[in-house]
Amino acid sequence: MISTAKNENSYAQNLVFIIGLVFVLYVLKPVVVPIIIAIILSVSVFPFVSYVERKWHFNRVVSAIFAIVLLSLLVFSLLTFIGFQISDILEKGDSYAKKLSEVYNTLAADFETYLGIDKNELSLKKINLGDTLKDNFSNIIEFLTLSGSVFADIVLIPLYIFFFLIYRKFFKSFIYKAFSKDGNTLKAKTVLSKLYDVQQNYILGLFMVMGIVGILNSIGLLILGIDNAIFFGFLAALLLLIPYIGIIIGSLLPAIVALATKDSLWYPVLVIFIFTFIQFIEGNFITPKITGSKVSINAFVAILSIILFSMLWGTAGMIVALPVIASLKVVFDTIPELKPYGFLIGEPLEEHLRSNARIRLKIWKKIRKEKSKITE
């Protein structure tokens, strides 16, 4: 009875701790999210910083500033390119809206003919995208700044990256002191090394996958003759930052453009089919081949973590969900009491996916094979 009571108290304490932790993370979102993003980006640029320090003999401060400037220029160039492409699309917005209105009214007429639904109830008023954007400009600005001060993050994230890079040995020493028992830093060093490998593997693998998926998407759209094919192809690849959901958003945009510019409804259907097929190839062949076994999170936990982190931190939470969960798996696998949770996060083994009938059949075949050997 005493043991049972202690276990119940332990479970209650753990539950209270988890609830308190989630509440603190939600309240401190403007602080925690930029720090997590900065850590991920610091890991991604560290090989370049290390190379500059070793080969060019730059000191740590200069190397960190150089890497941050290059990273900022890369992001600025990417955003500028996206801005020009969106501007080009908005210039064609009225013609797109006119064609979409015609398609919609045609479909409404078909519904009236075959289903008896009044066409007037489904009719679509003429849309002017420019006026719509102007009327909702304040809402767009509010949406862009919803995740807690985007402009502040633009300043804070590079600043955090700078300090993470120049204080990296200092932070490592702190981790060794905080998590090493009896001065033995071996386990802390092992965990830190695994965490670095997981993040590095995930980040580099993600960028390689983005490049491959962007090329495949663009080829598919070019074959169909969709406007701005390369932009839409790589935009969908960039949206892989938001796992599972990003590719859906990325496929809808060129599908709408196909609907507005092509005479057949088969074009948007083919766009969605191509993106879905490429997503299947990416999820089952490209990503497992590139990222390997170091980022082994099963699909159920991945989707669940994306949903929970989006509830906690919005879009930013969806982006950082998988790196955070992959890091937690490394920590769980290291601590004996938490190993079951690390096992739950990871990929199931083949034996866990086979039905009992298949297992019994395999055992029966093995026994029969052994009997045949004995008989011979």
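Below you will find a few notes about this structure. The shown structure was predicted, so the numbers you read here are calculated from the model rather than taken from an experiment. (Residues numbered from 1 in each chain as written. Predicted model: local features only at pLDDT ≥ 70, side-chain atom pairs only at ≥ 80, totals over all residues. Heavy atoms only, no water.)

This part takes up the packing of helix α10 (residues 186-224) against helix α15 (residues 315-334). Orientation of α10 relative to α15, taken along the N-to-C sense of each, is 155°, at an axis distance of 10 Å. With respect to α15, the axis of α10 lies roughly antiparallel. In this structure, α10 crosses over α15, and the sense of that crossing is right-handed. Across from Lys187, Val191, Lys194, Leu195, Val198, Gln199 and Tyr202 in α10, the residues of α15 making contact are Leu322, Pro323, Ala326, Ser327, Val330, Val331 and Thr334. The residue inventory of the contact of α10 with α15, partitioned by class, reads nine nonpolar, three polar and two charged. (Axes fitted to C-alpha atoms, helices over the stretch in contact; angles between N-to-C directions. Helix = DSSP H or I, 4+ residues; strand = E, 2+ residues; numbered from the N terminus. Parallel < 35°, antiparallel > 145°, perpendicular 65-115°, else oblique. Left-handed = near helix turned anticlockwise from the far one by under 90°. Contact = heavy atoms within 4.5 Å. Nonpolar A, V, L, I, M, F, W, Y, C, P; charged D, E, K, R; others polar.)

Quick look at the packing of aromatic side chains now. Scanning all chains against the criterion turns up 17 aromatic pairs. On the numbers, 5.8 Å between centres and 40° between planes, the contact of Phe48 with Phe66 is tilted. Of this pair, Phe48 sits in helix α2 (residues 29-55) while Phe66 sits in helix α3 (residues 60-91); the two residues are 18 residues apart in sequence, bridging distant segments of the chain. We classify Phe66 as partly exposed; its relative accessible area is 28%. In this structure an aromatic cluster arises from ring pairing among Phe162, Phe163, Phe164, Tyr167, Phe170 and Phe171. We note Lys189 situated over the ring of Tyr176; from NZ or CZ to the ring centre the distance is 5.7 Å. (Phe/Tyr/Trp six-rings, centres within 6.5 Å; stacked < 30°, edge-to-face > 60°. Buried < 20%, exposed > 50% of the residue type's maximum accessible area, 1.4 Å probe, protein only. Lys NZ or Arg CZ within 6 Å of the ring centre and 35° of its normal.)

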